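A look at the structure
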Amino acid sequence: MTGSAFLLAAIELFGVVGEGISARAFFDANNVKVGDPLVLTVDFIGEADFASLHPPALSQAVDRRDWKVDDASAKTDTYSSARRLVYRVRPMREGVLWFPRLEFVYMSPSGAKLSVESNEIPVHAKAGEQVAVEEEWQDIGKLPDPDGLALEPSVGLGDDEMFAWRKACASPSAEAFAQFDFPEARMNEARCATLAGEWRKALGIYSRLEWKTGQTPAIERGIVAALARKYGSADAELPVWRQVLRPVLKYGWKMRISLIAGAAVLALLLFRVLGRLVRALAAVAAVLAFVLPPVPASADLVDEIDRMHREMREQMHQMMGFSFGEEENSVTLDISARAYAEPDDLQVGERFEFIIEIDAPKNVTLENLSVRPGETFGMTVAGKIEMLTDAKSANPSNPVHRLALPVRYDVPFRGAVPFAVEGMASGRRSGGRRRGAFSISFSNSFRVEAKPVAIDVKPLSKDGQPDDFAGIVSDSLVFSERTDLKRVETNDVIQITYSLD
């Protein structure tokens, strides 16, 4: 470990109020060349008010002989109960470097100062081009520039005008190009105004120019460069409305007016066609209203349907001697369920079974059965549900269908576990008199609940437990490790992930 791993001065997180915050830091790569850009991510995790958290300067908290931190590149992001800070960082010398632990200070709700530390991060920096590093670093965060000067005009100029043009190109300034009135001169004038910091003037020039010539890619880049100076940010973008309306803005004012006029005429024609269609439909409705008899009100219609339904049921009852239920295809099913644990002496981590017994009529077929425990705290399903052999019921004509649900408990538990059984019951029902005999098939969904099962899952025995036992319970653990790199060189940093499955 090098001398850069020591903890430096604490960094204030202004506006952050919370308790129990933790921090973690990591790079997007750990084996690079000197001067290569790295993405440093620092996550603050916990319950806190992160809304006021802005990226603090980290460059003062690291050894500049080892690291170059671009504080201006910092960005923030929020996810779940965490706040993420992202910086661009470069290693400045060869060797195995340790990005240091950083201490951050924030406030508790009571006003006391609390601190949290991030972790160290190793990086193996190999030899690189140091000069190129410095030059490339200067471009990070640099505001975008408009396109270069246009040196050749698109219009013919006389000798005096050409002399003035060459002079303006040799000593460019907004005033020098203001004397000319063609697109290349306007673009050069806007460029000079942008580089001189006169972004308001440049935006006015670009706006007038694109109204005449259309919004070209060069004009778009010029507008972005002017906006970047307006907001002091390299992340400035073209306004959304200019991006959305590109298909129209790419034309000059004459074509824009033609397009708008054409769209207005098209809309007017569409409205006229729709108006005629509506009038035609209204006329058809009037004719139908005159020809067809009146339709009863909705409430009267519903009452009429109910009356016909009742009469139909009464007629079928008289003919067949069978009474339908109030609901369509409803058949009364005498189904019940019972549940118990086997064995009943239970311990954490041991597999056992809940036995579910379903008492149903013998002429009913049960399908698509599902068993739902009403209390699952600490419970883990340890396998698939098994169908057991049927048992006898207190009703001699009924079989008892038996299911076994294998489970285990990973924590001690004492309480009652209710179960609900759902599924489909299908069968055939016969009845009626000699001349009115009938036979119908039915398939109804059902749901029955079993009396809750009282269980007591005891904790593991204390015998033989080490003092630092953390509570893992299993009968087949697999401990494995894997690395992110297989082919490495001396001093390369390797990330090893350990898994306990």
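Each residue is numbered by its place in its chain's sequence as written, counting from 1. A pLDDT threshold of at least 70 governs which residues receive local features in this predicted model, and a stricter bar of 80 or more applies before side-chain atom pairs are shown or counted, although totals over entire chains, interfaces and linings include all residues. Think of the side-chain values as coming from all heavy atoms in the structure, minus any hydrogens and water.

1. So, the packing of aromatic side chains
Aromatic rings from Phe, Tyr and Trp, with only the six-membered ring used for Trp, were paired whenever their centres fell within 6.5 Å, and each pair was classed as stacked if the ring planes differed by under 30 degrees, edge-to-face if by over 60, and tilted otherwise. Using the criterion set out here, one finds 14 aromatic pairs in the structure. Arranged with centres 5.4 Å apart and planes meeting at 85°, the rings of Trp 165 and Phe 180 form a pair that is edge-to-face. In this pair, Trp 165 is assigned in helix α2 (residues 159-170) and Phe 180 in the loop between α3 (174-177) and α4 (183-195), connecting sequence segments 15 residues apart. Each of the two residues, Trp 165 as well as Phe 180, counts as buried. The numbering of helices and of strands both runs from the N terminus, where a helix is a DSSP run of H or I of at least 4 residues and a strand a run of E of at least 2. Note on exposure labels: buried denotes an accessible area under 20% of the residue type's maximum, exposed denotes more than 50%, and partly exposed covers the range between, all computed with a 1.4 Å probe on protein chains only.

2. Remarks on α2
The terminal C-alpha atoms of α2 lie 16 Å apart, and with 12 residues this matches the ideal 16 Å at 1.5 Å per residue to within 8%. Listing the buried residues of α2 in full gives Ala 164, Trp 165, Ala 168 and Cys 169. Looking straight down α2, one finds its buried side chains confined to an arc of 135°; they lie on one side. Facing away from the buried side of α2 by more than 90 degrees, the exposed set consists of Asp 159, Asp 160, Phe 163, Lys 167 and Ala 170. On its buried side, α2 packs onto α3 and α4. Here the expected span of a helix is defined as 1.5 Å times the quantity of residues minus one. Of all possible arcs, the one meant is that of the directions from the helix axis to the C-beta atoms. In what follows, a contact means two residues having at least one pair of non-hydrogen atoms within 4.5 Å.

3. Notes on the packing of α4 against helix α5 (residues 199-213)
The axes used here are C-alpha line fits, helices contributing only the stretch in contact, and every angle between their N-to-C directions lies in the interval 0 to 180 degrees. Remark: α4 packs on α5, axes separated minimally by 8 Å, with the N-to-C direction vectors making an angle of 160°. Accordingly, the angle class assigned to the pair α4 and α5 is roughly antiparallel. In this structure, α4 crosses over α5, and the sense of that crossing is left-handed. Between α4, through Pro 183, Arg 186, Met 187, Glu 189, Ala 190, Arg 191, Ala 193 and Thr 194, and α5, the contact on the second element is made entirely by Trp 199, Lys 201, Ala 202, Ile 205, Tyr 206, Leu 209 and Thr 213. Lys, Arg, Asp and Glu make up the charged group, whereas Ala, Val, Leu, Ile, Met, Phe, Trp, Tyr, Cys and Pro make up the nonpolar group; the residues left over, Gly among them, are polar. Each residue belonging to the contact of α4 with α5 can be placed in one class, and the counts come to 9 nonpolar, 2 polar and 4 charged. Each angle gets one of four labels, with under 35 degrees taken as roughly parallel, over 145 as roughly antiparallel, 65 to 115 as roughly perpendicular, and the rest as oblique. Note: crossing handedness is left-handed where the near helix turns anticlockwise from the far helix by less than a right angle, and right-handed where it turns clockwise.

4. With respect to the sheet that holds strand β3 (residues 31-33)
Being paired, for any two strands, means DSSP has found at least two bridges between them. The 3 strands lie next to each other as β3-β11-β8, forming an open sheet whose pairing is mixed. In the strand order of this sheet, the two ends are held by β3 and β8 (95-99), each with one partner. Taking the axes of each pair of neighbouring strands and ignoring which way they run, one obtains an average angle of 35° across the sheet.

5. Let's talk about the pairing of strand β4 (residues 38-45)
The buried fraction of β4 amounts to 6 of the 8 residues, a majority that puts the element mostly inside the structure. Judged from the 6 bridges that link them, strand β2 (residues 22-27) and β4 form a sheet pairing that is antiparallel. Bridge assignment links Arg 24 to a residue of β4, and that residue is Asp 43. Across 8 bridges, the pairing between β4 and strand β7 (residues 82-91) is antiparallel. Considered in β7, the bridge of Leu 38 is made with Val 89.

6. Brief notes about unusual backbone geometry
Most of the time, phi is negative for any residue but glycine, and the peptide bond is trans. In this structure, the amide linkage connecting Glu 342 to the following residue, Pro 343, adopts the cis form with an omega of 0°. Along the chain, Pro 343 falls in the loop between β12 (336-342) and β13 (346-347). Notably, Asn 368 is not glycine yet its phi reads approximately 50°, a positive angle. Within the secondary structure, Asn 368 is located in strand β15 (residues 364-373). The phi dihedral of Asn 491 is positive, around 75°, even though this residue is not glycine. As for its position among the elements, Asn 491 is in the loop between β21 (479-483) and β22 (496-500).

7. Overview of the confidence of the model for the protein chain
Confidence of the predictor in every single residue is expressed as pLDDT, which spans 0 to 100. Within the protein chain, residue pLDDT values average 82, and 83% of them lie at 70 or more. Between the elements of the protein chain, mean pLDDT differs from a low of 45, seen in helix α1 (residues 130-139), to a high of 94, seen in β8. Contacts from residues 1-7, a stretch scored under 50 in pLDDT, to residues over four places away or in other chains number 19 contacts.

8. Here's the deal with the pairing of strand β9 (residues 103-107)
Burial of β9 is extensive: 4 of the 5 residues sit out of reach of the surface. One ladder, built from 5 bridges, connects β9 with strand β10 (residues 113-117); its direction is antiparallel. Bridged to Met 107 within β10 is Lys 113. Joining the antiparallel neighbours β9 and β10 is a turn of 5 residues, in which Gly 111 adopts a positive phi near 100°.

9. Let's talk about the sheet that holds strand β1 (residues 11-18)
Hydrogen bonds between backbone atoms are what pair the strands of a sheet, whose relative direction is either parallel or antiparallel. Ordered in space as β5-β1-β9-β10, the 4 strands form an open sheet in which the pairing is mixed. At either margin of the open sheet sits one strand with a lone partner, and together these are β5 (48-49) and β10.

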